[in-house]
Amino acid sequence: MSEQAAAAGEFNGLTALVTGGASGIGLATAQLLTSRGARVAVLDRDQVDEKHGLIGVVADVTDDAAVQRAVGEALAALGDQLDILVNNAGIGAAGTVADNSDDEWHRVLDINVVGMVRVSRAALDHLRRSVADRGQAAIVNTCSVAGVAGLPQRALYSASKGAVYALTLAMAADHVREGIRVNCVLPGTADTPWIGRLLDAADDPGAERAALNARQPIGRLVAADEVAAGIAYLASPLASATTGTALAVDGGMIGLRLRPPSNS
């Protein structure tokens, strides 16, 4: 793509489907892709607010029939074209291995891992057609630093995101020769509605927020818009040589080991 075309919007003429796009990182991503020229549909359990200028389709990613129907509805609204899939739908979980029941393990893994599989499966033939028509297609999965770094009280969540990381690499290997790039983004602790609910439930929300801020080398939570920018890079045709990559947008959590701040 030429510099002139990139300046005009690298997503001009392209379409995207973002799951979990009614709020948080998903909504920020859908809005960013739209601002850069893409036509975007959002798949979520909740209808996206029409003021955002997005196409909304309602489905629960644990229901394969609903996912198939919703992807079909999104494709119809997007002119039977799908170039980018952002698998962002997911839920959190807290606790050690002793704190969650089998039912909760099955529920979280069903949403966070198998949900991505269902949506990808429903979208795959459409992405292949995008490769045939426009030269490439992209899938971006929302993973987490919890999938690659040991965090306390996150056994179930970490297991689900570790599976997303492995799934991303396997999908990238499966589809690289078809021209479908598959990558994932690794957010650090992001300022999202789920984190807001965790803070609200804490005995001392202010102290808990301060602890989360201090855990990240940059000294603050990651913003949803910052994660969206990472997803947009991985989805962009300008990243046509990038596949099988995990992009950390984590405030330095994974790679940096800082000494405690001096009290002097």
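Residues numbered from 1 in each chain as written. Predicted model: local features only at pLDDT ≥ 70, side-chain atom pairs only at ≥ 80, totals over all residues. Heavy atoms only, no water.

### Quick look at the environment of C143
Tracing the backbone shows C143 in the loop between strand 5 (137–142) and helix 5 (155–175). Put simply, C143 and N12 are 131 residues apart on the chain and 27 Å apart in space, counted from C-alpha to C-alpha. Residues within four places of C143 in sequence aside, it is in contact with K161, V164, Y165, C184, V185, L186 and P187. (Helix = DSSP H or I, 4+ residues; strand = E, 2+ residues; numbered from the N terminus. Contact = heavy atoms within 4.5 Å.)

### Brief notes about helix 4 (residues 102–134)
A rise of 1.5 Å per residue sets the reference length of helix 4, with its 33 residues, at 48 Å; its end C-alpha atoms lie 45 Å apart and thus fit the reference within 8%. Downstream of helix 4 by one or two residues, G135 has phi in the positive range, about 100 degrees. (Expected span 1.5 Å × (residues − 1).)

### Structural notes on the sheet that holds strand 2 (residues 39–44)
Pairing in this open sheet of 7 strands is parallel, and the strands run 3-2-1-4-5-6-7 from one edge to the other. Taken across any chain shown, the strands that pair with only one partner, and hence form the sheet edges, are strand 3 (55–58) and strand 7 (246–249). Averaged over all pairs of adjacent strands, the angle between their axes in this sheet comes to 20 degrees, without regard to strand direction. Two strands pair when backbone bridges link them, and strand 1 (residues 15–19) and strand 2 are joined in this way by 5 bridges, in the parallel orientation. Each bridged residue has a counterpart across the sheet, and for V18 the counterpart in strand 2 is V42. Running over the sheet, helix 5 touches strand 5, strand 6 (180–187) and strand 7 and is turned about 160 degrees from strand 6. (Pairing = 2+ DSSP bridges. Axes fitted to C-alpha atoms, helices over the stretch in contact; angles between N-to-C directions.)

### Focus: the side chain of D44
Structurally, the position occupied by D44 is in strand 2. For D44, which is buried and forms no salt bridge, the nearest opposite charge comes from R45, at a distance of 5.4 Å. Look past the residues within four positions of D44 in its chain and what remains in contact with it is G20, G21, A22, V57, V58 and A59. (Buried < 20%, exposed > 50% of the residue type's maximum accessible area, 1.4 Å probe, protein only. Lys, Arg positive; Asp, Glu negative; His and termini not counted. Salt bridge = Lys/Arg side-chain N within 4 Å of Asp/Glu carboxyl O.)

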